[in-house]
Amino acid sequence: MGQIEWAMWANEQALASGLILITGGIVATAGRFTQWYFGTYSIAAGVFICLLEYPRGKRKKGSTMERCGQKYMTSVVKLFGPLTRNYYVRAVLHLLLSVPAGFLLATILGTACLAIASTIYLLAAIRGEQWIPIEPKPKERPQVGGTIKQPPTNPPPRPPAEVRKKPSVEEEGAGGPQVNPIPVTDEVV
Amino acid sequence: MVCWILSESVSIVVVLSWLAVNLYLFIDTFCWYEGEEAFFYTRIILGSTLAWARASAACLNFNCMLILLPVSRNFISFVRGTSMCCRGLWRRQLDKNLKFHELVAYGIAANATIHLVAHLFNLERYHLGQAEDAEGLLAALSKLGNTPNESYLNPVRTLHTNTTTELLMTLAGITGLVISLALILIMTSSTEFIRQSSYELFWYTHHIFIIFFVGLAIHGAGRIIRGQTGESLTLHNVTFCRHRYAEWQAATLCPVPQFSGKEPSAWKWTLGPVVLYACERIIRFWRFRQEVVITKVISHPSAVLELHMKKRDFKMAPGQYIFIQCPSISPLEWHPFTLTSAPQEDFFSVHIRASGDWTEALLKVFVAEGQVPKELCSLPRLAVDGPFGGSLTDVFHYPVSVCIAAGIGVTPFASLLKSVWYKCCESQSLPGLSKVYFYWICRDATAFEWFADLLLSLETQMSEQGKAHLLSYHIFLTGWDENQAIHIALHWDESTDVITGLKQKTFYGRPNWNEEFKQIAYNHPSSTIGVFFCGPKAMSKTLQKMCRLYSSADPRGVHFCYNKENF
C-alpha cells in the first residue's frame, strides 16, 4: 500500500458524500421533516462539495483520467490557490461542513461519509499530498521547417557531407558553389 | 454476424432476465403490502412508503444473494467444466462474471437508496404519530402498547426524542447505518480509476463486505415493522372496527388489535451464497498451504520476470490464469496472472511485469541487485490458487483463428502457441484447426525478447514438419527512437529481422486492420473465423467493428466471431 495516493480515494468519497447530502437534503425538505431547514443547508453544502471535488487532482505518477468536463471547474478551483491545494484545509472544511447535517436523520449518512472523507484527506495531507490541477497540454504548433534540413546548395556530383561541412575558408577555390568547367545552359524554355 | 448476435444476445437475455426478476419481486411485494389487510393499520401511520421500503428490501435480498456468485471462481470453473449444452455460448457468459457482479452491485445501490429514503419517511411518520396534535385513528394506533396486554404498532414510543436517537436505539437503525456506510465505502473504492491506480486499496476495502453481510443478516432481527397477527385479524375485523377506535378498550365487538413483526428473511436468501463463498476462501487457503516449488527464475528486459513452478495435481488449459500470493511481501494479497506455459509441459510459468507496488516488490525480491542469480532455496515462498477462467481453448474449435495481442496481453497467447507447437509435435495434423494468424502489437522492442525464443522455436519446428503454412504471425512495433530507426534501416535487407531474429520481418507502426481483415476474408471465403483479442478497450472496439464489417451477410460466406479475453 506504499504508493497509494489517498487523496484519490478521499476525492471519490467526498464526491459521493456530496451526492448523499443532496439526496438526504431533498428528502428532508420535500417531506418537511422536523427541523427540515437542516435539509436545505445540506443541499447547499452538498452542491458546494460536489463542485469542489469534481475536478480530479493530478496523480504524482502515471496519467490521470479526467472527469468529463472538469476543466471548467478546474479553473475555478485553481483560483483559490493554497486553500484548495492544501489537503489539511480540505480535511477541516469537510469536517466542519459535515457537522450541521448531523442534526437531521435524513442527512446523517452524508455526515458520516463526509467525516470519513475528511479523515482520508487528513491522511493524504500528512503524507504530503497536494491537489495539482490537470492542465490541458499546450498544443504544440507543428514546427514548420524546423526539421527540414537545408537542401544541398550545389548540384550533383556532390562530395560527401563531411567534406561539405568543412569550413570553406580553407579552400577558397575548391569550396563554395560548384564552378562548372563547361558552361551549362538550362534547357527549360 | 450470426455468432455475434448469438453471443451478444445471451448477455442481453441474462441482463433482461435479471431485470425482469427484480421488477417482478418489486411489484409483487409492493402490491402485497399495499393491499394486505394485516398491514392496514400500519399503512394508516406510514402510507405507501411502507410498501416502497418492503419492495426494495425484497429486491435487496435477491441482489445480495446474487452478488457473491459471480466471484466464486471455483464454482464458476466447475459450472464451466460441466456445462454440456451450448458450451461455447454459456462459457462466454461465464467469462463476463465481473461485469455481472458490477451490474448486481448497481442494483443493490439503487434498491438501497429507495429503501433508505422510504424508511426515512417511515421513521418521520412514526415520530409524528406520537405528536400531541395527532388525532383520531393515528393517535389511537400509536398509543397501543402502553398497557401490558397490548402489543405495540408504533416502534417510536414517545414524542420526547428525535428521529436520530430513535434510529440509534434500534438494532435495525444501527445495522442499517453501518451497512449503508460499508456499501458506500466499497463503492467509492471500486471505481475504475481507483482499481487501476491502487489495486490494493480496492482489494482491502472490498473486504468490508463481511461487515455488510453480518449487518444484513441481523438487520431485521428487531422486527419493528409490524402487521396484525392472523389471530387478531379473525377477532378484530378491520373494515368494521377502524372507525370505532374509541371502543377498542372496551373489547366488545372490536378487541384491541395485536401486532407482531415479520421474522427476518435476509439471512435465508444470503446463507447459501455466503457458505459457497466461504468454501471458496477455504479452498484458497488450502491451496495456499500447498507447496509450490519454483524451478526456474528468468529476468527479462523491460522489467519482466518469468517464473517456472511446479505444484501437485496442477492441471491447466491455455489461456487460464492463477492467483499468486507472496507472504513475505504481503500476507493478504492475491494477484492474478495469466499462465504462459502449455498444458503439455511439466511445469507452469507466468510472466510478471512490474506495474504496481506488489509486482515491483516481487521483482526486487526475486531478482537480486547486480543480476547475481539467487539460490533457488533462498527464494521466498509463493502460494498459488487456480487455475481459473480461460476461453482460449475455443481457438481449436475454429477452422481458422486470428489471435491479436497488445503488449503484455500476449501472455495468454504465449500459452496457446506453445500448446499448438506441442500438438504439432505429437500428431501429424491438428484436428479442425488449419490456420492460425497471430498479431502482436508492441511498443517496446525489448519486450520482444522473451517471446522471441518461443516464436523462433515455433518457426523452426513448423518448417521442419513442413507445416510452415499453419502459423502466420505478424509483429508490429509501434514505438522507436531515432537510433533504433537508423539501425533498422541499415539492416533492412537482411534475411532475418534485426529486432526479433525471426524470418518474418517486423512491421513498424500500427496494423491497418481493414487491409488485414480484407486479406484474411479473401483467403478463407467460406469459413467461420474466430478472432481472439487481449489488450486495451479501444483496440477491442476497433476489432469488433472490423469483425462486423468483414463478415459477409451470406450464411455460407466468411464469418468473424469475436472473443475478448479480459481480466
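So, how was this worked out
- Residues numbered from 1 in each chain as written.
- Chains lettered and ligands numbered in written order.
- Predicted model: local features only at pLDDT ≥ 70, side-chain atom pairs only at ≥ 80, totals over all residues.
- Heavy atoms only, no water.
- Helix = DSSP H or I, 4+ residues; strand = E, 2+ residues; numbered from the N terminus.
- Rg over C-alpha atoms; globule rule 2.2 N^0.38 Å.
- Buried < 20%, exposed > 50% of the residue type's maximum accessible area, 1.4 Å probe, protein only.
- Areas by Shrake-Rupley, 256 points an atom, 1.4 Å probe, with all protein chains shown as cover.
- Contact = heavy atoms within 4.5 Å.
- Axes fitted to C-alpha atoms, helices over the stretch in contact; angles between N-to-C directions.
- Parallel < 35°, antiparallel > 145°, perpendicular 65-115°, else oblique.
- Left-handed = near helix turned anticlockwise from the far one by under 90°.
- Nonpolar A, V, L, I, M, F, W, Y, C, P; charged D, E, K, R; others polar.
- Pairing = 2+ DSSP bridges.
- Phe/Tyr/Trp six-rings, centres within 6.5 Å; stacked < 30°, edge-to-face > 60°.
- Lys NZ or Arg CZ within 6 Å of the ring centre and 35° of its normal.
- Salt bridge = Lys/Arg side-chain N within 4 Å of Asp/Glu carboxyl O.
- Arc of directions from axis to C-beta.
- Core = buried A, V, L, I, M, F, W, Y, C linked by side-chain atoms within 4.5 Å.
- UniProt positions renumbered as here; feature names shortened; annotations may be inferred.
- Buried area = accessible area lost by both parts, 1.4 Å probe.
- Polar contact = N/O pair within 3.5 Å; in protein donor to acceptor, adjacent residues only side chain to side chain.
- pLDDT = per-residue confidence, 0-100.

**Overview of the overall build of chain B**
The number of helices and strands found in chain B is 21 helices and 14 strands. Here chain B has a C-alpha radius of gyration of 31 Å; the compact-globule value for 567 residues is 24 Å, and the former is much larger. Its C-alpha atoms put chain B at 110 × 60 × 45 Å along the principal axes. Expressed as a percentage of its 567 residues, the buried residues of chain B come to 51%. Accessible surface computed for chain B: about 26,700 Å², of which carbon and sulfur atoms make up 62%.

**Description of the environment of Pro70(B)**
Residue and element names in this part refer to chain B. Within the secondary structure layout, Pro70 lies in the loop between helix H3 (49-67) and helix H4 (73-82). Residue Pro70 is classed as buried on the basis of its relative accessible area, which comes to 5%. Spatially, the C-alpha atom of Pro70 lies 8.7 Å from that of Lys96, the residues being 26 residues apart in sequence. Other than its neighbours up to four places away in sequence, Pro70 contacts Ile76, Asn97, Phe100 and His101.

**Examining the packing of helix H6 (residues 108-126) of chain A against helix H9 (residues 171-188) of chain B**
What describes two packed helices is the angle between their axes and the distance between those same axes. Interhelical geometry of H6(A) versus H9(B) gives an angle of 45° and a closest axis separation of 11 Å. Classified by the angle between their axes, H6(A) and H9(B) sit oblique to one another. Crossing of H6(A) over H9(B) shows right-handed handedness. Contact with H6(A), carried on its side by Ile108(A), Leu109(A), Ala112(A), Cys113(A) and Ile116(A), involves Leu177(B), Ser180(B), Leu181(B), Ile184(B) and Leu185(B) of H9(B) and no other residues of that element. Grouping the constituent residues of the contact of H6(A) with H9(B) by class yields 9 nonpolar, 1 polar and no charged.

**Considerations on the sheet that holds strand S6 (residues 335-338) of chain B**
Residue and element names in this part refer to chain B. Taken in spatial order, the 3 strands line up as S6-S5-S8 in an open sheet, and their pairing is antiparallel. The sheet is open, and its two edges are formed by S6 and strand S8 (383-388), each paired on a single side. Between one strand and the next, the sheet's axes are offset by a mean angle of 30°, whatever the strand orientation. Strand direction decides the pairing type here: strand S5 (residues 321-325) and S8, joined by 4 bridges, are antiparallel. Opposite Phe323, over in S8, you have Asp385 as the bridge partner.

**Thoughts on the packing of aromatic side chains**
Residues and elements named next belong to chain B. As enumerated under the stated definition, the model contains 32 aromatic pairs over all chains in all. Taken together, the ring pairs in this structure connect Tyr439, Phe476, Phe507, Trp513, Phe517, Tyr550 and Phe560 into an aromatic cluster. Above the plane of the ring of Tyr152 lies Arg226, whose end atom (NZ or CZ) is 3.9 Å from the centre. For Arg284, the ring lying beneath its charged end belongs to Phe323, and the centroid distance is 4.7 Å.

**As for the pattern of salt bridges**
One pass over the full model with this rule turns up 11 salt bridges over all chains. In this structure, the salt-bridge partner of Arg287(B) is Asp385(B), at a minimum N-O distance of 2.5 Å. Of the two residues, Arg287(B) is situated in helix H15 (residues 266-289) and Asp385(B) in strand S8; the sequence distance between them amounts to 98 residues. Summarising the burial analysis for this pair, Arg287(B) and Asp385(B) share the class buried. Among the ionic contacts, a cluster of salt bridges with common partners joins Glu12(A), Arg56(A) and Arg67(A).

**Some details on unusual backbone geometry**
Apart from glycine, the bulk of residues carry a negative phi angle, and the bulk of peptide bonds sit in the trans form. All names here are of chain B. Positive phi outside glycine occurs at Arg223, with the angle close to 55°. With respect to the helices and strands, the residue Arg223 is situated in the loop between helix H12 (209-219) and strand S1 (226-228). Despite not being glycine, Asp313 shows a phi value in the positive range, around 60°. With relative accessibility at 65%, the residue Asp313 sits in the exposed group.

**A word on helix H3 (residues 71-79) of chain A**
Note that an α-helix has 3.6 residues per turn; residues three or four places apart therefore point the same way. Residues and elements named next belong to chain A. Taken together, the buried positions of H3 are Met73, Thr74 and Val77. Considered in projection along H3, the buried side chains sweep an arc of 105° and stay on one side of the axis. Facing away from the buried side of H3, by more than 90 degrees, are the exposed residues Lys71, Tyr72 and Leu79. Contacts from the buried residues of H3 go to helix H2 (37-53), helix H4 (82-85) and helix H5 (87-101). Trailing H3 by a residue or two, Gly81 shows a phi angle of about 55°, which is positive.

**Here's the deal with the sheet that holds strand S7 (residues 348-353) of chain B**
All names here are of chain B. Spatially, 3 strands are ordered S3-S4-S7 in an open sheet, and the strand pairing comes out antiparallel. Sheet topology places strand S3 (292-300) and S7 at the edges, where each strand pairs with a single neighbour. Ignoring which end each strand starts from, the neighbouring axes of this sheet average 20° apart. Direction of pairing for S3 relative to strand S4 (residues 304-311): antiparallel, over a ladder of 8 bridges.

**Things to note about the nonpolar core**
General note: in soluble globular proteins, nonpolar side chains tend to be found buried as a group. All names here are of chain B. With 82 residues, the main nonpolar core has Tyr41, Leu141, Phe212, Phe213 and Trp248 as its most contacted residues. For this core, the element with the most residues is H3, which contributes 9 residues. Non-local contacts of Leu141, meaning those with residues more than four positions away in its chain, are made with Tyr41, Ile44, Ile45, Leu153 and Trp248. Membership of the second largest hydrophobic core comes to 33 residues, among which are Leu392, Trp421, Trp450 and Leu454.

**Brief notes about the packing of H12(B) against H15(B)**
All names here are of chain B. As a packed pair, H12 and H15 sit with axes 9 Å apart at the nearest point and diverge in direction by 150°. With respect to H15, the element H12 is oriented roughly antiparallel. Taken as a pair, H12 and H15 cross one another with a handedness that is left-handed. The segment H12 lies against H15, with Phe209, Phe213, Leu216 and Ala217 engaging Ala266, Trp267, Thr270, Val274 and Tyr277. Grouping the amino acids of the contact of H12 with H15 by side-chain chemistry returns 8 nonpolar, 1 polar and no charged.

**Some points on the UniProt feature "transmembrane region" (unreviewed entry) in chain A**
As recorded in UniProt, the feature "transmembrane region" (unreviewed entry) lies at residues 12-30, 36-55 and 103-124 of chain A. Taken as a whole, residues 12-30 of chain A contains 100% helix and 0% strand, while its terminal C-alpha atoms sit 27 Å from one another.

**Here's the deal with the interface of chain A and chain B**
Interfaces are often described in size by the accessible area the parts lose on coming together. Contact residues are listed per partner, giving 28 residues for chain A and 29 residues for chain B. Buried area between chain A and chain B, summed over both chains or domains, comes out near 2,600 Å², and the portion from carbon and sulfur atoms is 76%. In this structure, the connection of chain A to chain B is made through 0 salt bridges. Linking chain A to chain B there are 3 residue pairs in polar contact (both at pLDDT 80 or more).

**Some words on the environment of Val531(B)**
Residues and elements named next belong to chain B. With respect to the helices and strands, the residue Val531 is situated in strand S13 (residues 528-534). Spatially, the C-alpha atom of Val531 lies 20 Å from that of Leu339, the residues being 192 residues apart in sequence. Those residues in contact with Val531 that lie beyond four places of it in its chain are Val402, Ile404, Phe517, Cys547, Phe560, Cys561, Tyr562 and Asn563.

**Some words on the confidence of the model for chain A**
Averaged over every residue, the pLDDT of chain A is 82; the share at 70 or more is 83%. Mean pLDDT per element in chain A: helix H7 (residues 161-165) of chain A is the minimum at 60, and H6(A) is the maximum at 94.

**A word on the confidence of the model for chain B**
With 91% of its residues at a pLDDT of at least 70, chain B reaches an overall mean of 83. Scored as a whole, the predicted complex attains pTM 0.78, and scored at its interfaces, ipTM 0.75.

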